2 protein chains.
Amino acid sequence: MKKQLTTRQENFAQWYLDVIAAADLAEHSGVKGSMIIKPYGFALWERIKEELDSRIKATGHKNAYFPLLIPESFLKREKDHVQGFSPELAVVTHAGGQKLDEPLVVRPTSETIIYDTYSRWIESYRDLPLLINQWANVVRWELRPRLFLRTTEFLWQEGHTAHATEEDAQQEVLKMLGVYKELAEDILAMPVYDGEKSETERFAGAKRTYTIEAMMQDGKALQAGTSHNLGQGFSKAFDVQFTDADGERKHVWLTSWGVSTRMIGGLIMTHSDDSGLVLPPKIAPTQVVVIPIWKDDTEKESVMKAVEQLKSQLDIRLEVDDRDFQSPGYKFNEWEKKGVPIRVELGPRDVQSQQLVLVRRDTSEKETVKLSVAATRIKQLLEDIQIDLAKKAKENRDQNTFMVENYDEFKQKVEQGFVRVFWCGEAKCEERIKADTKATVRCLPFDKQLIQEDGRCISCGKQGKSEALFARSY
Amino acid sequence: MKKQLTTRQENFAQWYLDVIAAADLAEHSGVKGSMIIKPYGFALWERIKEELDSRIKATGHKNAYFPLLIPESFLKREKDHVQGFSPELAVVTHAGGQKLDEPLVVRPTSETIIYDTYSRWIESYRDLPLLINQWANVVRWELRPRLFLRTTEFLWQEGHTAHATEEDAQQEVLKMLGVYKELAEDILAMPVYDGEKSETERFAGAKRTYTIEAMMQDGKALQAGTSHNLGQGFSKAFDVQFTDADGERKHVWLTSWGVSTRMIGGLIMTHSDDSGLVLPPKIAPTQVVVIPIWKDDTEKESVMKAVEQLKSQLDIRLEVDDRDFQSPGYKFNEWEKKGVPIRVELGPRDVQSQQLVLVRRDTSEKETVKLSVAATRIKQLLEDIQIDLAKKAKENRDQNTFMVENYDEFKQKVEQGFVRVFWCGEAKCEERIKADTKATVRCLPFDKQLIQEDGRCISCGKQGKSEALFARSY
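Model, not experiment: these values are computed from the prediction. (Residues numbered from 1 in each chain as written. Chains lettered and ligands numbered in written order. Predicted model: local features only at pLDDT ≥ 70, side-chain atom pairs only at ≥ 80, totals over all residues. Heavy atoms only, no water.)

1. Some details on helix H5 (residues 111–121) of chain B
And then number 1: Of all 11 residues in H5(B), nine are buried, a share of seventy percent or more.
And then number 2: Three or more residues of H5(B) are buried, namely Glu111(B), Thr112(B), Ile113(B), Ile114(B), Tyr115(B), Asp116(B), Thr117(B), Tyr118(B) and Trp121(B). (Buried < 20%, exposed > 50% of the residue type's maximum accessible area, 1.4 Å probe, protein only. Helix = DSSP H or I, 4+ residues; strand = E, 2+ residues; numbered from the N terminus.)

And the structure:
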């Protein structure tokens, strides 16, 4: 239990795994690439789901559920889509004791089966927009799995909407990207750059893909959510048509967008430190842990009375760790590794002095507070911690986002973080940069910051079509 | 839209499908046996999930998530288990473009992969009880699918707990059966008989299986939830041991319990009528639908003002159907088929008279109520409807539960409903009865009602070991 974590400095990748193990979030299963999400890790996912689901519903979407198993032939109907996903498919060839006439793929994503369904559901413009979301598990065969970040099976939500016009679809795509940004920044305290993906990085079958990109503490990017304008490629492949107000039959405009358990990986690598997990209060399954301290039953009684009183004043996610077979020191250590934002220590002498001790997880700051004002102070502190974590993450991100003079400087800076440059828009330059530095175009950011006059591609020197954010990534 | 539903009298099975279609709950997909749960059907599942999840957590369980794909060899470790599930398995033989060394089965239930995990998680008696639940999709190959009742893929929760003693495990099994009974009766207004399954009907690998059995309006039984005492069969097969307080290594005692989307089928067949779905207020995704009526914008304004005022007074699940391209009559019909407990009609003359019209879905009773007391009346009515639906379902169930004098009478009565008889406990008699009548032992009910002196098996006449409830079933 006292075992130290690998430090970030020593080995960031190992530190990440150590944090997960120490906080008891998840582990690998016997099946290659598949993850077991342990109760504390799943509680984090439940919190993310709760926050995101309410926002998805508030923007007019309804949840539904579509089948896990998809006929192989469905995948083949949209050519870019099948090309993108073929190498990752898990295929059911036998069922009910017999070989199947047609193999079924375990969904890697559900565009095909959902749009096949939409071709039956949509008849007229009155059926549009059709705004549906699904919470589901998906399988993409993974050769180099990493907990939360790349797993053969993962949990996610996938929104699938159909619209009468291209403009409506585009508006939807940006709206949902905005919802993801809000979730990341306001709830997870994880600042993100939003923008469009380059053609190379686009979703297989999409016309345009938008993304939010967060920066991890090692300067690498994490794609935390994507939103796709699918144009009419899928609606033509699956014959999803509607009769418009003008009486004409038209193909619908489709969008899809998703956020997955990968978000938890981003959360971990944004805030945690060498002592373990650090959680922003808004997402923490347990916001405050109370550790009562006593030596005998008399002390226990008076301490627990004070604890109950504090609890009754707080409408937050609070846990009391009253296990009697573990020492307070052991508990402090355990909850520190679990990243609970505030620890409350309360012993018999505290009760006598009508006070308690608060310890912030993010700064280790200790303060002694009168019982009479403890509830108010705790609520304030939770807000402060949320703000401070967001600020710290943003500072780190901004300090490690660079503008550079030339390609040599680019190569140097991209080892540390994100680099903003002009890029000619050609895949050839993208490939060269990747070969040289392992960095890819994370997005063409909405928020442009380079001075237009500098518009020359960092790689080839031609007129730079777009401002791009390059980084190495997870 | 005006198409009449098949009546229950005409053809109960077709009526069931008509109700589902008319309420827009679900449909079959292109994949044999797989169901698409449409938004309104999924909203029902979300309500059930919400009610059940909070009860599962309140009884000390935590949610987690285990892999979908299970190595085939895991299934084979418990011999009864593999025998029971083998015919229903869907098998992944290829993934990532290659043939797998070992095939993976798509989970039909997760005992094997979870207990394999528990063998790593559990070390000492301090780790017990281990109380875990999982919400997941499972696949069991289905040759004669029926929406919600029997589908190749279905959604469920599966609880899996480990205990230090047999008594603790047995207590857990009965506690969770009690939670299921409460969900069925208090929330779904669906009365159930609880009891133990016969050996023939036991879960594959269980020592004892307990069940709640509801009666559908055609007199058939629906198994609505099961809870299994797994003894030590699985803990021996997967080597799940702990060091007890006495220092000895012992195998844990395991339980599992589950409720699935099948519950929705039971809900439909308990309350619905020849006009469509009927929903108890506590489970209805929409408890009240308001249909404002107007001819012009002036009328619309005054009507909508009254609607907004009503809405602000009610903290319930209320929907306002203000679509302007459908007539009020069309809307009445549509919401009737969707089973919304109360319909509110509000037109310009109502506003003038400061009143509105309430219509109960279950009885079609109409009443005119002053706006000033409408909110209070609606809340009262929702409570009344919940109670009345439960009462009606219970009366129907009780009237169709019979005690009989002899086997001839048994054969006749079991066509109509449940029959309580003594049974010798032999599988031979169970088989004979099934062959003669299609009826099976639904359970050995906890609540015994037969007079002990009558204790002779209804089939063979030998001393009847147990009181049993026989019925045909879904």
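Right, picking up where we left off after that structure.
2. Concerning the sheet that holds strand E5 (residues 90–95) of chain A
And then number 1: Overall, antiparallel pairing links the six strands, which are arranged E4(A)-E6(A)-E5(A)-E5(B)-E6(B)-E4(B) in an open sheet. Every interior strand has two partners, whereas the edge strands, strand E4 (69–71) of chain A together with strand E4 (69–71) of chain B, have only one. Neighbour-to-neighbour, the strand axes of the sheet open up by a mean angle of 45°, direction not taken into account.
And then number 2: Relative to strand E5 (residues 90–95) of chain B, E5(A) runs antiparallel, the two sharing five bridges. When the sheet's bridge partners are listed, Val92(A) is paired in E5(B) with Val92(B). (Pairing = 2+ DSSP bridges. Axes fitted to C-alpha atoms, helices over the stretch in contact; angles between N-to-C directions.)

3. Brief notes about the interface of chain A and chain B
And then number 1: Taken together, the 51 residues of chain A in the interface contact 51 residues of chain B.
And then number 2: For the pair chain A and chain B, the two sides together bury roughly 4000 Å², of which 64% comes from carbon and sulfur.
And then number 3: Here chain A is connected to chain B by four salt bridges.
And then number 4: Split by residue class, the side of chain A that touches chain B holds 30 nonpolar, 10 polar and 11 charged. (Contact = heavy atoms within 4.5 Å. Buried area = accessible area lost by both parts, 1.4 Å probe. Salt bridge = Lys/Arg side-chain N within 4 Å of Asp/Glu carboxyl O. Nonpolar A, V, L, I, M, F, W, Y, C, P; charged D, E, K, R; others polar.)

4. Here we look at the relation of the copies chain A and chain B
And then number 1: Superposing chain A onto chain B takes a rotation of 180° plus a shift of 0.0 Å along the axis, which leaves an RMSD of 0.0 Å. What we have between these two chains is a two-fold relation. The C-alpha atom lying nearest the rotation axis in chain A is that of Val92(A); the distance is 2.1 Å.
And then number 2: The residues that chain A uses at the interface reappear at the interface of chain B in 100% of cases, marking a shared surface. (Least-squares fit on C-alpha atoms with pLDDT ≥ 70 in both.)

5. Overview of the packing of helix H2 (residues 39–58) of chain A against helix H8 (residues 262–271) of chain A
All names here are of chain A.
And then number 1: At a minimum axis distance of 10 Å, the contact between H2 and H8 shows a crossing angle of 105°. In this view, H2 runs roughly perpendicular relative to H8, as classed from their interaxial angle. Here Gly41, Leu44, Trp45 and Ile48 of H2 lie close against H8, whose contacting residues are Met263, Ile264 and Leu267.
And then number 2: Split by residue class, the contact of H2 with H8 holds six nonpolar, one polar and no charged. (Parallel < 35°, antiparallel > 145°, perpendicular 65-115°, else oblique.)

6. Here we look at helix H6 (residues 166–187) of chain B
And then number 1: Taking 1.5 Å as the rise per residue, H6(B) with 22 residues should run 32 Å; its terminal C-alpha atoms sit 31 Å apart, in good agreement.
And then number 2: Two residues or fewer past H6(B), Ala189(B) is found with a positive phi of approximately 55°. (Expected span 1.5 Å × (residues − 1).)

7. A closer look at the domain arrangement of chain A
All names here are of chain A.
And then number 1: Along its sequence, chain A is organised into domain 1 (12–271), domain 2 (288–384) and domain 3 (403–471).
And then number 2: Using only C-alpha atoms to locate each centre, domain 1 and domain 3 end up separated by 28 Å.
And then number 3: With 20 residues of domain 1 at the interface, the matching set in domain 3 holds 16 residues.
And then number 4: Of the roughly 1300 Å² buried where domain 1 meets domain 3, counting both sides, 60% is carbon and sulfur surface.
And then number 5: At the junction of domain 1 with domain 3, the criterion picks out one salt bridge.
And then number 6: Our enumeration of links across domain 1 and domain 3 arrives at six residue pairs in polar contact (both at pLDDT 80 or more).
And then number 7: The element best represented in the side of domain 1 that touches domain 3 is strand E10 (residues 208–215), accounting for five residues.
And then number 8: The residue makeup of the side of domain 1 that touches domain 3, split by class, is seven nonpolar, six polar and seven charged. (Domains from an automatic or database assignment. Polar contact = N/O pair within 3.5 Å; in protein donor to acceptor, adjacent residues only side chain to side chain.)

8. Some details on the sheet that holds strand E19 (residues 366–370) of chain A
Residue and element names in this part refer to chain A.
And then number 1: In space, the five strands of this open sheet follow the order E16-E15-E17-E18-E19, with mixed pairing throughout. This sheet does not close on itself; its edge strands, each paired only once, are strand E16 (318–320) and E19. Ignoring which end each strand starts from, the neighbouring axes of this sheet average 25° apart.
And then number 2: Contacts from helix H9 (residues 297–312) reach strand E15 (288–292), E16, strand E17 (342–346) and strand E18 (355–360), with the element oriented near 165° to E15.
And then number 3: Against the sheet, helix H10 (residues 328–337) contacts E15, E16 and E17, and its axis sits at roughly 170° relative to E15.

9. Focus on the confidence of the model for chain A
And then number 1: Across chain A, the average pLDDT comes to 96, with 99% of residues at 70 or higher.
And then number 2: Scored by ipTM, the complex comes to 0.96, with pTM at 0.96. (pLDDT = per-residue confidence, 0-100.)

10. With respect to the nonpolar core
And then number 1: Residues Tyr118(A) and Tyr118(B) are the most contacted members of the largest nonpolar core, which totals 84 residues.
And then number 2: Not counting the four nearest positions on each side in its chain, Tyr118(A) is found in contact with Phe66(A), Leu130(A), Ile132(A), His160(A), Ala162(A), Val240(A) and Leu254(A). (Core = buried A, V, L, I, M, F, W, Y, C linked by side-chain atoms within 4.5 Å.)

11. Quick word on the pattern of salt bridges
All names here are of chain B.
And then number 1: Within the structure shown, the criterion is met by 68 salt bridges over all chains.
And then number 2: The shortest N-O distance in the salt bridge between Lys57 and Asp53 comes to 2.8 Å. One end of the pair is Lys57 and the other is Asp53, both in helix H2 (residues 39–58) and four residues apart, which spans about a single turn.
And then number 3: Here Arg442 makes a salt bridge to Glu201, at a shortest N to O gap of 4.0 Å.

12. A few points about the environment of Gly339(B)
Residues and elements named next belong to chain B.
And then number 1: Residue placement: Gly339 occurs in the loop between helix H10 (328–337) and strand E17 (342–346).
And then number 2: Taking the relative accessible area as the measure of exposure, Gly339 reaches 0% and is therefore buried.
And then number 3: Expressed as a C-alpha distance, the spacing of Gly339 and His81, which sit 258 residues apart in the sequence, is 40 Å.
And then number 4: Not counting the four nearest positions on each side in its chain, Gly339 is found in contact with Leu277, Val278, Leu279 and Arg361.

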